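Remarks on the overall topology
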Amino acid sequence: MFWRSCVFTLILGFVLPGAFSASAQKGKTASKPTATIRTIVLTTEPDASVWINGVLWGTTDEQGKITLRGVPAGAHGLRVRADGFKEATQTISAVQKGDLRVNLTKTTDEAELTFQQAEKATSDDKNKAAELYRKAVKLRPAYAEAYVGLARALADLGEMDAAHEAIAGARKARPVYPEASAVEGRLFKSEGDEEKAVEAFKRAVREGKGFQPEANTGLALLYKERAESAGVSGDFQGEQQLYAEAVKYFAPAVKQLGGAPDAVIVYQLYGLVFEKMEKYREAIAVYEDFLRIFPDTSEASAVQSFIVQLKKQMAEQ
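Predicted, not measured: the structure shown is a model, and the values here were computed from it.

**A closer look at helix H6 (residues 160–173)**
- Here H6 spans 20 Å end to end across 14 residues, near enough to the 20 Å set by a 1.5 Å rise per residue.
- Of all the positions in H6, only Met160, Ala163, His164, Ala166, Ile167, Gly169 and Ala170 are classed as buried.
- Looking at the buried residues of H6, the elements they touch are helix H5 (144–156) and helix H7 (178–190).

Right, here's the structure in full:
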């Protein structure tokens with residue numbers, strides 16, 4: 001399990017990351033997660049990025065289509081962006097499923113076009129991306145999203161002071177900005193200041209009125225790491241308390257991520273925490289939820305093996 005934990009944390013790529021007896025929890029029946037699976041086939045421009053509630057779900061294909069599997073129940077905010085087009089936002093209704101079309105219109109807004117270029121450059125050239133983000137905020141001084149993008153790029157370049165300045169710029173442009181607070185939490189975590197990281201992540205969750213999957217995941221990983229440290233030092237009670245804190249934040253994180261790609265690893269980490277707490281029924285429930293949402297992912301066979309192994313362990317107890 002330790003190997004799995006390390007690999008999951010590395011893959012996830014985060015710059016981060018009531019006391020009870022584990023034995024007393026054995027055999028208790030867990031309430032199975034009841035994620036409602038919806039599939040929406042969205043059609044728009046080719047190679048368009050698609051977000052649901054601020055979480056990137058992927059990009060459309062050459063025909064401008066993307067299948068969004070695992071959309072949670074309820075109404076959600078949809079955002080679609082393609083190079084050369086004005087970003088579009090609308091609401092996915094609580095009953096929406098099946099086909100959905102989003103029409104985009106061309107834009108001549110230089111700040112928006114520059115921001116799009118910066119977003120595209122982030123995967124290949126962080127320095128170029130940072131330069132373009134700076135140009136975007138120069139063109140539009142209150143461009144909060146560009147400030148956050150700049151902060152992320154600068155953090156990847158190791159320019160932490162400048163990244164904090166970019167977050168300050170984002171907050172000046174938009175005083176209540178959950179994503180900015182979440183990124184600030186990542187900055188503090190990478191600098192080793194866990195207390196400030198916790199404060200920033202929790203502020204992000206408050207600002208998002210409970211919805212902030214990046215911050216919830218950041219908190220979950222942070223408490224998971226602290227639990228592992230407590231376990232190494234022999235503090236069993238502290239370890240279990242900290243794992244319980246991790247669960248408290250993993251639960252909303254997976255719910256908020258839904259079928260987004262990042263949820264593939266977060267779900268597995270969530271299940272792994274239950275394993276370490278010896279709450280095997282809960283771990284199995286999480287893994288089964290994962291398989292319902294991601295039946296075709298490359299990790300599905302491994303998750304199936306986790307379930308088999310846990311059922312065997314339960315039978316031997």
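**Description of the nonpolar core**
- Judged by nonpolar contacts, the single largest core of 70 residues is most densely connected at Leu42, Leu68, Leu78, Phe250, Tyr267 and Tyr287.
- Residues in contact with Leu42, not counting those within four places in the same chain, are Val50, Thr60, Gly64, Lys65, Ile66, Leu68, Leu78, Val80, Leu100 and Val102.
- Counting residues in each nonpolar core, the second largest holds 28 residues, with Ala111, Val148, Leu154 and Ala170 among its members.

**Comments concerning helix H9 (residues 213–232)**
- The end-to-end C-alpha distance of H9, which contains 20 residues, comes to 28 Å, matching closely the 28 Å that a straight helix rising 1.5 Å per residue would cover.
- Along H9, 14 of the 20 residues are buried, which leaves the element largely enclosed by surrounding structure.
- Backbone geometry just downstream of H9 places Gly234 in the positive-phi region, at approximately 85 degrees.

**Concerning the packing of aromatic side chains**
- Scanning the entire structure with this criterion turns up nine aromatic pairs.
- An angle of 35 degrees between the planes, with centres 5.1 Å apart, marks the rings of Phe115 and Tyr143 as tilted. With Phe115 in helix H3 (residues 110–121) and Tyr143 in the loop between helix H4 (126–139) and H5, this residue pair connects regions lying 28 residues apart in the sequence. For the pair shown, Phe115 and Tyr143 are each scored as buried.
- Here the aromatic residues Phe115, Tyr133 and Tyr143 are joined through ring pairs into a cluster of three or more.
- Across the ring face of Trp51, the terminal group of Arg79 is positioned such that the distance to the ring centre comes to 4.2 Å.
- Over the face of the ring belonging to Tyr177 we find Arg174, whose NZ or CZ atom lies 4.4 Å from the ring centre.

**Considering the sheet that holds strand E6 (residues 88–92)**
- If you trace the four strands from one edge of the open sheet to the other, you get E3-E2-E5-E6, paired in antiparallel fashion. The two strands at the open ends of the sheet, each matched to only one other strand, are strand E3 (55–59) and E6. Pairwise comparison of adjacent strand axes, ignoring direction, gives a mean angle of 25 degrees for this sheet.
- Relative to strand E5 (residues 76–81), strand E2 (residues 49–52) runs antiparallel, the two sharing four bridges. Note that in E5 the partner of Trp51 across the bridge is Arg79.

**Comments concerning the sheet that holds strand E1 (residues 39–43)**
- One open sheet holds the three strands; their spatial order is E4-E1-E7, and the pairing between them is mixed. This sheet does not close on itself; its edge strands, each paired only once, are strand E4 (65–69) and strand E7 (98–101). Neighbour-to-neighbour, the strand axes of this sheet turn through a mean angle of 25 degrees, independent of strand direction.
- Two strands pair when backbone bridges link them, and E1 and E4 are joined in this way by five bridges, in the antiparallel orientation. The residue bridging Thr43 from the neighbouring strand is Lys65, located in E4.

**Re the environment of Arg292**
- Structurally, Arg292 is set in helix H12 (residues 280–293).
- Considering only alpha carbons, one finds Arg292 and Ile37, 255 residues apart in sequence, at a separation of 7.9 Å.

**A look at the pattern of salt bridges**
- Taken as a whole, this structure holds 19 salt bridges when the rule is applied.
- One salt bridge in this structure joins Arg140 and Asp109, with 2.8 Å as the shortest N-O distance. Here Asp109 lies in the loop between E7 and H3 and Arg140 lies in the loop between H4 and H5, a separation of 31 residues in the sequence.
- Take Arg140: its relative accessible area is 29%, and that puts it in the partly exposed class.
- What makes Asp109 partly exposed here is its relative accessible area of 30%.
- Glu184 is paired through a salt bridge with Arg203; the nearest N and O atoms lie 2.2 Å apart. Linking Glu184 in helix H7 with Arg203 in helix H8 (residues 194–207), this pair joins segments that are 19 residues apart in sequence.

The rules behind these values
- Residues numbered from 1 in each chain as written.
- Predicted model: local features only at pLDDT ≥ 70, side-chain atom pairs only at ≥ 80, totals over all residues.
- Heavy atoms only, no water.
- Helix = DSSP H or I, 4+ residues; strand = E, 2+ residues; numbered from the N terminus.
- Expected span 1.5 Å × (residues − 1).
- Buried < 20%, exposed > 50% of the residue type's maximum accessible area, 1.4 Å probe, protein only.
- Contact = heavy atoms within 4.5 Å.
- Core = buried A, V, L, I, M, F, W, Y, C linked by side-chain atoms within 4.5 Å.
- Phe/Tyr/Trp six-rings, centres within 6.5 Å; stacked < 30°, edge-to-face > 60°.
- Lys NZ or Arg CZ within 6 Å of the ring centre and 35° of its normal.
- Pairing = 2+ DSSP bridges.
- Axes fitted to C-alpha atoms, helices over the stretch in contact; angles between N-to-C directions.
- Salt bridge = Lys/Arg side-chain N within 4 Å of Asp/Glu carboxyl O.

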